[in-house]
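Here is what each chain is made of, one letter per residue.
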Amino acid sequence: MRDRPDLGRALILGALVGLVVALAAALLRSILDLTAGLLALAVVGGWAVGAAVRRGAWAGLPHRASASPEVLGLLLGAATWI
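Residues numbered from 1 in each chain as written. Predicted model: local features only at pLDDT ≥ 70, side-chain atom pairs only at ≥ 80, totals over all residues. Heavy atoms only, no water.

Trainee: Would you mind showing me how to read the pattern of salt bridges here?
Mentor: Within this structure, the stated rule accounts for 2 salt bridges. Linking Asp 3 and Arg 64 is a salt bridge whose minimum nitrogen-to-oxygen distance equals 2.7 Å. In this pair, Asp 3 is assigned in the segment before helix H1 (7-31) and Arg 64 in the loop between helix H2 (38-58) and helix H3 (68-81), connecting sequence segments 61 residues apart. On the basis of relative accessible area, Arg 64 is assigned to the partly exposed category, the value being 48%. (Salt bridge = Lys/Arg side-chain N within 4 Å of Asp/Glu carboxyl O. Helix = DSSP H or I, 4+ residues; strand = E, 2+ residues; numbered from the N terminus. Buried < 20%, exposed > 50% of the residue type's maximum accessible area, 1.4 Å probe, protein only.)

Right, dumping it as structure tokens:
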């Protein structure tokens, strides 16, 4: 059982997914001038960032409860949206 999350790996994975989501949103809005899919992209992108942070933090292993991956996911999700 893991006592502490691997926040470095969680940050890298979450940031990479966030970058892909941000680039997809920029492509939809700026280049293709489509706004209808942005809400769906935001929902799926937020889920994907959270899943990447969770996977990076715990690597699928049993773990003790910790709020730090959730806070990291929240911050990365907000940064992706901005």
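More follows now that the structure is in view.
Trainee: Mind showing me how you'd approach the nonpolar core here?
Mentor: General note: in soluble globular proteins, nonpolar side chains tend to be found buried as a group. By size, the foremost hydrophobic cluster in this structure holds 7 residues: Ala 10, Val 49, Val 53, Ala 57, Trp 58, Leu 72 and Leu 76. Sorting the residues of this core by element identifies H2 and H3 as the ones contributing at least two each. For this core, the element with the highest residue contribution is H2, accounting for 4 residues. (Core = buried A, V, L, I, M, F, W, Y, C linked by side-chain atoms within 4.5 Å.)

Trainee: Just checking my understanding: could you explain a nonpolar patch on the surface for this structure?
Mentor: On the surface, Leu 27, Ile 31, Leu 32 and Leu 34 cluster together to form a nonpolar patch covering roughly 390 Å² of accessible area. Here Leu 34 shows up in the loop between H1 and H2. (Patch = residues over 30% accessible without salt bridge, like charges linked within 9 Å, V, L, I, M, F, W, Y side chains within 5 Å. Areas by Shrake-Rupley, 256 points an atom, 1.4 Å probe, with all protein chains shown as cover.)

Trainee: Looking at this model, I keep getting lost on the side chain of Thr 80. Mind explaining?
Mentor: Structurally, the position occupied by Thr 80 is in helix H3. One polar contact links the side chain of Thr 80 to the main-chain carbonyl oxygen of Leu 76, over a distance of 2.8 Å. (Polar contact = N/O pair within 3.5 Å; in protein donor to acceptor, adjacent residues only side chain to side chain.)

Trainee: How should H3 be read in this particular structure?
Mentor: Since the α-helix packs 3.6 residues into each turn, any two residues three or four apart lie on the same face. Relative to the 20 Å expected for 14 residues at 1.5 Å per residue, H3 spans 20 Å between its end C-alpha atoms, a close match to the ideal helical length. Every buried residue of H3 is listed here: Pro 69, Leu 72, Gly 73, Leu 76 and Thr 80. For H3, the angular spread of the buried residues around the axis is 100 degrees, confining them to a single face. Facing away from the buried side of H3, by more than 90 degrees, are the exposed residues Glu 70, Leu 74, Leu 75 and Trp 81. Tucked inside the fold, the buried residues of H3 contact H1 and H2. (Expected span 1.5 Å × (residues − 1). Arc of directions from axis to C-beta. Contact = heavy atoms within 4.5 Å.)

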